[in-house]
Amino acid sequence: MKLSFTKIIIFIFLSVIFTSCGDKSAKVKDYKKIEFFKEVENLKEFKIAEKRIDSLKSEGIDAEISISILKESFYKEDTLKNISLAFINEGLDYSSNILYTIKFNRDTYKILSVIPN
């Protein structure tokens, strides 16, 4: 009985150690992604788009704003760099428009440029 109890305690101890020592880099990357979304939401261009959506809604037009991200940029000048693209989109009942294109560095999660469309 004592031997099986010792095995159970060792198993629990090892389980706790392995689960607490999980992939911490994934947690850091998730945190950086959340911070990047906050940066995009704090851009003056995003605020302008929000005001535009609010004015459309006040006129009775169903509209929404969204952010889309492409992991890798499709621009030729970005092929050798670690650049991703984000888009601030305007969605209406009858159409969807990209209002701004945002280039950002995937390594540092820093915004490099904001391009109006």
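Residues numbered from 1 in each chain as written. Predicted model: local features only at pLDDT ≥ 70, side-chain atom pairs only at ≥ 80, totals over all residues. Heavy atoms only, no water.

Caption draft 1: Focus on the overall build of the protein. The secondary structure content of the protein amounts to three helices and four strands. Listing every helix and strand of the protein by position from the N terminus yields α-α-α-β-β-β-β. Restricting the contact set of the protein to residue pairs at least 6 apart, pairs at least 24 apart contribute 36%. Put simply, the protein shows about 8700 Å² of open surface, and 61% of that area lies on carbon and sulfur atoms. (Helix = DSSP H or I, 4+ residues; strand = E, 2+ residues; numbered from the N terminus. Contact = heavy atoms within 4.5 Å. Areas by Shrake-Rupley, 256 points an atom, 1.4 Å probe, with all protein chains shown as cover.)

Caption draft 2: Highlighting the sheet that holds strand β4 (residues 110-116). Ordered in space as β1-β2-β3-β4, the four strands form an open sheet in which the pairing is antiparallel. Pairing within the sheet leaves two strands with one partner each, and these edge strands are β1 (63-70) and β4. With strand direction ignored, the average angle separating the axes of adjacent strands in the sheet is 20°. Judged from the six bridges that link them, strand β3 (residues 96-105) and β4 form a sheet pairing that is antiparallel. When the sheet's bridge partners are listed, N105 is paired in β4 with K110. (Pairing = 2+ DSSP bridges. Axes fitted to C-alpha atoms, helices over the stretch in contact; angles between N-to-C directions.)

Caption draft 3: Molecular detail of the pairing of β3. By the criterion of burial, β3 is predominantly enclosed, with seven of the 10 residues buried. Between strand β2 (residues 83-92) and β3, which follow one another and run antiparallel, lie three residues. In this structure, the hairpin formed by β3 and β4 is closed by a connection of four residues, where Y109 is found at a positive phi of approximately 55°. (Buried < 20%, exposed > 50% of the residue type's maximum accessible area, 1.4 Å probe, protein only.)

Caption draft 4: Quick peek at the pattern of salt bridges. For the coordinates displayed, the defined rule picks out two salt bridges. Note that R52 is salt-bridged to E90, the shortest N-O span being 2.4 Å. Note that R52 is positioned in helix α3 (residues 44-58) and E90 in strand β2, a separation of 38 residues in sequence. Judged by relative accessible area, R52 falls into the partly exposed class, the value being 41%. Across the salt bridge formed by E77 and K103, the nearest N and O atoms sit 3.2 Å from each other. Of this pair, E77 sits in the loop between β1 and β2 while K103 sits in strand β3; the two residues are 26 residues apart in sequence, bridging distant segments of the chain. (Salt bridge = Lys/Arg side-chain N within 4 Å of Asp/Glu carboxyl O.)

Caption draft 5: Inspection of the packing of aromatic side chains at higher detail. Evaluated as defined, the whole model comprises one aromatic pair. Where F74 meets Y75, the ring centres are 4.8 Å apart and the plane angle is 40°; that geometry is what we call tilted. (Phe/Tyr/Trp six-rings, centres within 6.5 Å; stacked < 30°, edge-to-face > 60°.)

Caption draft 6: Layout of the nonpolar core. Core analysis: the largest hydrophobic core is formed by 12 residues, namely F36, V40, L43, F46, A49, A86, I88, L99, Y100, I102, F104 and Y109. For this core, the elements supplying multiple residues, two or more each, are α2 (24-41), α3, β2 and β3. When residues no more than four places from it in sequence are discounted, the contact partners of F36 are I69, A86, F104, Y109 and I111. (Core = buried A, V, L, I, M, F, W, Y, C linked by side-chain atoms within 4.5 Å.)

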